[in-house]
Amino acid sequence: MTAFDQASATLAALAPARSKGQRWRRRYGIAAIGAAIILVWVLIAILCSYLTPYSPDTVDVSIRLRPPSATHWLGTDELGRDVLTRLLYGSRISLFTGLVVVLLGGAFGTLVGGAAAFMRGRGEELIMRLTDLVLCFPPIILALAIAAALGIGTRNTIIAMLVVWWPKFARLAHSLVLVQRSQEYVEAAVVVGLKPARILLRHIIPNAVGPLIVLVTLDLGNAIITFAGLSFLGLGVVPPTPEWGSMVAEGRELVEQWWVAAFPGFAILSVVLGFNFLGDGVRDWLDPKARQR
Amino acid sequence: MPRYIVSRLVATALMALLATLVIFLIANMVPGDPVLAQLGDVAASNKAFVAEWRAKWGLDLPLWERYLIFLKGLLHGDLGVSIASQRPVLEDIGQYAPATIELATVGFLLSLLLGVPLGMLAAIKRDSWVDHVARAVSLVGVSSPTFWLAFIMLALFYGGLQIAPGPGRLDPIAFSPPTVTGLFLVDSLLAGDLESFRDAAAHLVLPSIVLAAATLGLITRTTRASMLDNLHQDYVRVARAKGLREGRIVNGHVLPNALIPIVTLGGLAYANLLTGAVMTETVFSWPGLGRYTFRSAEALDFPAIMGITLVVALTYLLINLVIDLSYALLDPRVAR
């Protein structure tokens with residue numbers, strides 16, 4: 001994104017959009033800002049060991065709880081670890097878990113929901129009632145119970161999140177495929193003699209994929225917040241793994257030393273805002289009805 | 001209409017039964033060992049002691065038998081005994097629920113009172129600065145982690161500016177008002193104790209703002225979208241054509257129609273607040289269900305986890321049922 005684009009996006013956001021072109025640029029601008037934020041975090045996740053002279057878990061209690069300074073830009077935590085370094089390294093686990101949960105949960109949910117809508121009858125009934133059953137639990141509580149039962153750790157927390165994550169994709173895919181099913185091209189594919197699995201995977205799902213992409217983008221932020229939340233509650237990562245949610249937890253009682261908890265939270269906020277910006281833009285782009293709003 | 005109500009009731013009851021099974025299975029099929037979590041390493045290495053402890057809590061019976069016992073207890077309102085607190089789980093929940101209900105209700109009202117007008121204004125003055133502010137507020141609200149927002153509020157207004165009271169429901173030295181409902185705002189008024197009321201209200205300000213933030217975003221967005229949908233309907237054009245004033249059109253015609261999706265969302269948002277309280281309560285040391293849930297999960301206190309998940313799931317189902325039924329009242333086409 002060029003400086004000009006950025007400036008025009010800001011201007012367009014300040015002034016009421018008048019022409020169609022201006023409104024388009026404003027929408028595009030927000031999505032571009034979101035994409036830029038995410039890109040920066042991805043680069044940080046890849047390059048973080050080159051970006052900082054410190055290691056994320058070198059303990060030095062002689063410099064514990066130092067406020068932000070020239071040597072430690074965002075200060076140090078209770079064990080004298082550099083907050084900025086841990087924050088940079090923390091991007092790795094957040095982006096990773098967000099991607100894994102949404103992609104795996106999304107793929108599973110989409111397949112199950114799509115298959116249900118495609119086969120109809122008892123199978124559909126069974127799958128959709130199972131979906132409703134999982135949806136009748138509040139996600140955080142259910143994930144909390146499962147994560148607690150499986151034990152602390154990144155892998156177990158991801159499993160717990162996957163269990164509560166797939167149903168919303170199943171529901172969406174189910175309704176999308178139902179719509180596509182009655183279209184003529186599906187009938188044509190059946191007449192030609194294609195196998196059901198091929199019709200579903202190669203023809204129906206690609207046609208129904210737009211709203212799913214929107215949900216995936218918006219949901220990435222959601223998954224990152226949820227994982228950070230479970231970590232904050234002590235269930236996500238095993239210390240001393242640098243992770244934003246558990247960093248906030250470590251500093252949550254240090255009201256005087258606010259920098260320990262405040263900055264990791266900003267990191268979460270920025271990533272999630274990034275995905276929400278991008279998701280909003282993608283929705284406007286894929287769904288002409290929403291664009292009118 | 002009666003058929004619709006009956007079918008909703010049957011479906012809800014069936015889901016509730018299935019929910020008990022799911023909860024039971026989660027609590028029992030997972031690899032975490034309550035013996036180790038509760039007794040500690042030393043006691044857990046004593047075989048006889050462990051066997052006795054297992055027998056005491058019925059952990060030596062086959063799975064299906066334990067489920068039947070669990071169900072039978074449920075029918076008598078028995079959710080089991082918490083391993084950590086050694087008290088009936090229902091009693092624990094009863095003790096902690098009012099604090100959460102009070103917090104969630106105040107937070108919910110706050111997000112409704114701010115979110116609906118903000119969403120309306122954003123829709124009426126579309127693309128104006130109000131619209132942009134509403135968009136920014138809802139995006140930031142939805143994107144901020146609750147636990148972090150709670151910390152920032154506490155650090156800023158209690159630690160930094162010192163204009164807000166600290167964590168907890170009352171000042172540490174204050175006595176709680178005599179318990180009637182467990183809601184301090186109501187109890188203190190019933191006792192005529194205005195000082196307690198002010199204290200309780202002041203302690204509610206920060207946590208309820210934090211709790212309201214995420215819901216506020218959702219409500220603002222939904223209100224805006226729903227208002228916009230209705231503002232472009234033919235009946236609005238007719239109302240304008242016959243010369244109705246704009247205020248009358250918005251408040252008398254558009255708003256009642258636009259409120260239907262907000263009822264659906266509002267009910268779900270309230271249910272979510274009850275559980276979203278887990279983070280807020282942990283930061284604000286709020287003695288409610290959220291903190292109880294977390295502490296039980298941490299200690300692998302299975303009866304407590306089962307009990308609370310079940311109560312929350314049933315509340316969820318109940319709220320959904322109420323939404324479905326009120327939906328049918330607001331829009332009679334649904335029940336057909």
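Cut-off values and rules
Residues numbered from 1 in each chain as written. Chains lettered and ligands numbered in written order. Predicted model: local features only at pLDDT ≥ 70, side-chain atom pairs only at ≥ 80, totals over all residues. Heavy atoms only, no water. Helix = DSSP H or I, 4+ residues; strand = E, 2+ residues; numbered from the N terminus. pLDDT = per-residue confidence, 0-100. Salt bridge = Lys/Arg side-chain N within 4 Å of Asp/Glu carboxyl O. Buried < 20%, exposed > 50% of the residue type's maximum accessible area, 1.4 Å probe, protein only. Phe/Tyr/Trp six-rings, centres within 6.5 Å; stacked < 30°, edge-to-face > 60°. Core = buried A, V, L, I, M, F, W, Y, C linked by side-chain atoms within 4.5 Å. Domains from an automatic or database assignment. Contact = heavy atoms within 4.5 Å.

With respect to the environment of V137 of chain B
Structurally, V137 of chain B is set in helix α6 (residues 129–143). Sequence separation between V137 of chain B and L228 of chain B is 91 residues; the distance between their C-alpha atoms is 18 Å.

Some thoughts on the confidence of the model for chain B
Mean pLDDT for chain B: 80, with 91% of residues reaching 70 or above. Our summary of model confidence lists the complex with pTM equal to 0.82 and ipTM equal to 0.80.

Some points on the pattern of salt bridges
Residues and elements named next belong to chain B. Per the stated rule, a full pass over the model turns up twelve salt bridges over all chains. Across the pair E91 and R87 runs a salt bridge whose closest N-O atoms are separated by 3.7 Å. The exposure class of R87 is partly exposed, given its relative accessible area of 27%.

Considering the packing of aromatic side chains
Residue and element names in this part refer to chain A. Under the definition given, this model contains nine aromatic pairs over all chains. Taken together, a centroid distance of 5.7 Å and an interplanar angle of 55 degrees make the contact between W258 and F263 tilted. Three or more aromatic residues link up through ring pairs in this structure, and these residues are W258, W259 and F263.

Points about the nonpolar core
Here is a general trend for soluble globular proteins: nonpolar side chains tend to be buried in one another's company. Formed by 119 residues in total, the largest nonpolar core has its most connected members in W41, L87, W165 and W244 of chain A together with F147 of chain B. In terms of residue count, helix α10 (residues 259–286) of chain A provides more of this core than any other element does, 13 residues in total. When residues of this core are sorted by domain, at least three fall in each of domain 1 (33–76) and domain 2 (96–298) of chain B. In this structure L87 of chain A touches W41, L74, W244, M247, F263, P264 and A267 of chain A, once residues within four positions along its chain are discounted. Counting residues in hydrophobic clusters, the runner-up holds 15 residues, among them V116, I219, L228 and L265 of chain B.

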